[in-house]
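Structural overview
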Amino acid sequence: MLNNQDPTTAPAASHPERPVLKGKFEREKHIQYFKRTLQMLPEPYASMDTQRMTLGMFALGGLELLGVLEETVSEANRKDWVEWIYSQQRIPDDSSDKESSSESREALYGFGGPFSGIPFQDRSEPKTNQGCECGVHKTVYDTAHITVTYTALLLLVLLGDDLSRVAKEPILRSLRKLQQPSGCFIPCVTDYEPDLRFMYCAAAISRILNDWSGFDRPSALQYIRECQTYDHGFSQSPQQEAHGGSAYCAVATLGLLGGEAFEDLKTLARNAREGKDEEAFEQRKLRTGFVDKEGTRRWCLQRQTTGFQGRIGKPTDTCYSFWIGGAVAALGSMDLVNYECNRGFLMETQNKHIGGFGKWVDTFPDVLHSYMGIAALSLMGEPGILPLDPLLNISRRMEERLYTQTVFWRNTA
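These numbers were taken from a predicted model, which means no experiment stands behind them.

**Quick notes on the overall build of the protein**
Counting secondary structure elements, the protein contains 17 helices and five strands. The buried share of the protein, reckoned over its 413 residues, is 59%. When the accessible area of the protein is evaluated, it comes to approximately 17,600 Å², of which 51% is carbon and sulfur surface.

**Side note on helix α13 (residues 293–301)**
What α13 keeps buried is the set K293, G295, T296, R297, W299 and C300. For α13, the secondary structure elements touched by its buried residues are α10 (244–257) and α14 (320–330). The opening residue of α13, the one whose side-chain oxygen lies 3.3 Å from the backbone nitrogen of E294, is D292.

**Overview of the pattern of salt bridges**
Counted by the stated rule, this structure contains 20 salt bridges. As a salt-bridge pair, E75 and K79 come within 3.5 Å of each other at their nearest N and O atoms. Here E75 pairs with K79, and both are found in helix α4 (residues 75–87), just four residues apart, close to one helical turn. Classification of K79 by relative accessible area gives partly exposed; the value is 40%. Put simply, R410 and D162 hold a salt bridge, and the shortest N to O gap is 3.9 Å. Of this pair, R410 sits in the segment after α17 (396–405) while D162 sits in the loop between α6 (146–158) and α7 (168–178), placing them 248 residues apart in sequence. Its relative accessible area of 41% is what places R410 among the partly exposed residues. Here D162 falls in the partly exposed class, since its relative accessible area comes to 22%. Connected via shared salt-bridge partners are E260, E263, R284 and R287.

**Thoughts on the nonpolar core**
Core analysis: the largest hydrophobic core is formed by 112 residues, its most contacted members being F111 and V166. Non-local contacts of V166, meaning those with residues more than four positions away in its chain, are made with Y86, Q89, F111, L153, L156, I171, L209 and F408.

**Describing the packing of aromatic side chains**
All chains considered together, the criterion is met by 14 aromatic pairs. Aromatic ring contacts, followed pair by pair, group Y150, Y200, Y248, F322 and W323 into a single cluster.

**Side note on the environment of R287**
For R287, the position within the fold is in the loop between α12 (281–284) and α13. Looking at R287, its side chain comes within polar contact range of the side chain of E260, at 2.5 Å.

**Digging into α6**
The end-to-end C-alpha separation of α6 is 19 Å, in line with the 18 Å expected for 13 residues at 1.5 Å each. Among the 13 residues that make up α6, 13 are buried, leaving the element largely enclosed by the rest of the structure. Looking one or two residues past α6, G160 carries a phi angle of roughly 85 degrees, positive in sign.

**Overview of the packing of helix α8 (residues 196–209) against α10**
Direction vectors running N to C along α8 and α10 enclose 30 degrees, while the axes themselves pass 9 Å from each other. On the basis of the axis angle, α8 is roughly parallel to α10. The two elements α8 and α10 cross, and the hand of that crossing is left-handed. Here L196, R197, M199, Y200, A203, A204 and R207 of α8 lie close against α10, whose contacting residues are S246, Y248, C249, A250, A252, T253, G255 and L256.

**Considering the environment of T363**
With respect to the element layout, T363 can be found in the loop between α15 (339–349) and α16 (367–379). Classification of T363 by relative accessible area gives partly exposed; the value is 28%. Placed 15 residues apart in sequence, T363 and E348 show a C-alpha to C-alpha distance of 9.9 Å. In terms of polar contacts, T363 uses its side chain to reach the backbone amide nitrogen of K359, at 3.3 Å. One polar contact links the side chain of T363 to the main-chain carbonyl oxygen of W360, over a distance of 2.6 Å.

**Regarding the side chain of R303**
One can find R303 in the loop between α13 and α14. There is no salt bridge for the buried R303, and the closest opposite charge comes from D231, which lies 5.9 Å off by N-O distance. Within polar-contact distance, the side chain of R303 engages the backbone oxygen of W299 at 3.0 Å. Residues contacting R303, with those up to four places away along its chain left out, are F308, Q309, R311, I312 and I324.

**Here's the deal with unusual backbone geometry**
Both trends apply: most residues other than glycine have a negative phi, and most peptide bonds are in trans. Even without a glycine there, the phi angle at D362 is positive, about 65 degrees. Here D362 lies in the loop between α15 and α16. You can call D362 exposed: its relative accessible area is 64%. In the Ramachandran plot, N393 falls in the positive-phi region, its phi being about 65 degrees despite a non-glycine side chain. Relative to the assigned elements, N393 resides in the loop between β4 (388–389) and β5 (394–395). On the basis of relative accessible area, N393 is assigned to the buried category, the value being 2%.

**Focus on the confidence of the model for the protein**
Residues at a pLDDT of 70 or more form 83% of the protein, whose mean pLDDT is 86. Across residues 1–21, confidence stays below pLDDT 50; counting only partners more than four residues off in sequence or on other chains, it has 56 contacts. A low-confidence stretch, residues 95–101 stays under pLDDT 50, and its non-local contacts, those more than four residues away or across chains, total 12 contacts.

Reading the values: rules and limits
Residues numbered from 1 in each chain as written. Predicted model: local features only at pLDDT ≥ 70, side-chain atom pairs only at ≥ 80, totals over all residues. Heavy atoms only, no water. Helix = DSSP H or I, 4+ residues; strand = E, 2+ residues; numbered from the N terminus. Buried < 20%, exposed > 50% of the residue type's maximum accessible area, 1.4 Å probe, protein only. Areas by Shrake-Rupley, 256 points an atom, 1.4 Å probe, with all protein chains shown as cover. Contact = heavy atoms within 4.5 Å. Polar contact = N/O pair within 3.5 Å; in protein donor to acceptor, adjacent residues only side chain to side chain. Salt bridge = Lys/Arg side-chain N within 4 Å of Asp/Glu carboxyl O. Core = buried A, V, L, I, M, F, W, Y, C linked by side-chain atoms within 4.5 Å. Phe/Tyr/Trp six-rings, centres within 6.5 Å; stacked < 30°, edge-to-face > 60°. Expected span 1.5 Å × (residues − 1). Axes fitted to C-alpha atoms, helices over the stretch in contact; angles between N-to-C directions. Parallel < 35°, antiparallel > 145°, perpendicular 65-115°, else oblique. Left-handed = near helix turned anticlockwise from the far one by under 90°. Lys, Arg positive; Asp, Glu negative; His and termini not counted. pLDDT = per-residue confidence, 0-100.

Here it is, written out as C-alpha cells:
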C-alpha cells in the first residue's frame, strides 16, 4: 500500500504534459472493476498473495467511496470477510502463557498475511482452533505486520464490525516492541526497515484503538522532524530524498497526533524572537512535528503539474493525486490545488472500457491506483463519490461509524 511508486521504467519526465481534458467520470465502470477485483485477480497479482488484506481494502474501500459497498457486497459475504480477517489475527495462546509473554514474542501480535498455511474455517463451522492464536506450533516467522494490522482494522470498520474481537492489548504490546530507539517503527519483528510508512500505520492503529500507550510520542516527533528535508518535503528516512508518499505519512501522522504536534519550529522561533512564548519555547519545540509547515505546504503544491508527481523531476502519477492531495487536505489547503488540471489528468488515466485507473495515461488499471484515483477525486468533491477523511483514509461516514459504533470509542465522552 505504501511502497515507493516510482519504478525506473517510468516515462521520461521531460515529455511535455498533455492538455487538460474535462472528460466523463466512468462511475459505473469503476464499480464493476472493483466488484471483479473481489472475485478474481489476474496472474501478475500472484506475487502479492501475502498482501490480500491490503488488496481487499483497496477494492472494498473503493466500493465504499463510490457509495455502493452494502448493495454490491451481500450481508453474508461481508460476514465471511469479517471472519476471514479475524482468522488472520495473531494473538497470544492461553495454553502457552509463559512462551507468549516472553520478550521475543511480544512483537508478534496483530493481523498478518494469509501465508501460514492454516486452512480458513467458514463461520458456520465450529469456532475451535481457527488459527487465530500464536500457539506452540507457530514460529517467529508467522507474525503480524503493522501495515496489515492497519488495513485489517480499516476493513473491519468498513464491514460494520464493532471491533469487539480485536486483541487490543497484544497489538499495543507489539507496537511498543516495533518502535525503535530512533522513534520510528519497523513493520514486523523479522523485517528491520524503519521508515515513515510504518510510523503512519502505528499512528492510525493507535487512533482506531483509541489508545496511544504503544506509541512513544516524543521520539516519534523527533524522527519526523529529522525526516523533513532541506526543501521542506519529507523523506522515508533521515537524509534521503523528499517523496510524496513520505510527505503524506508524515503530515497524516502529525494530524492524527494533533495538538502541538501539528505546529512547527519556524513559527515557534519567530514568536520567541517577538517576545511571545519565549520561556516556553525550549519545552514546546520538542512537542512540534514540523520544522517548517508552510514550507511543506509549498513543497506539496509545487508537485502539481497537471496531476501530481511524487518527486522532483518525476512524471505525473495517479496515486500522488492522493498521496500529495491527502497531505494538502490535511494541511487545510485544498483550495490551492488546481482541480481542473488534476481532474483532467485523472480522467485520462481512468480506463474508459473496463473501469479502474492506471498509473499513467494509457496504462492498464491496477487496484492500488484505482483506489487512489477514486480517493483523490473524493478530496476534490467529485459528484458520486463520498467525502474522504484524509488522515485515516476512510470515508467520512466510516469515520463516524468508528467513533460511534466500535467498542473502543462509543462509550467515550
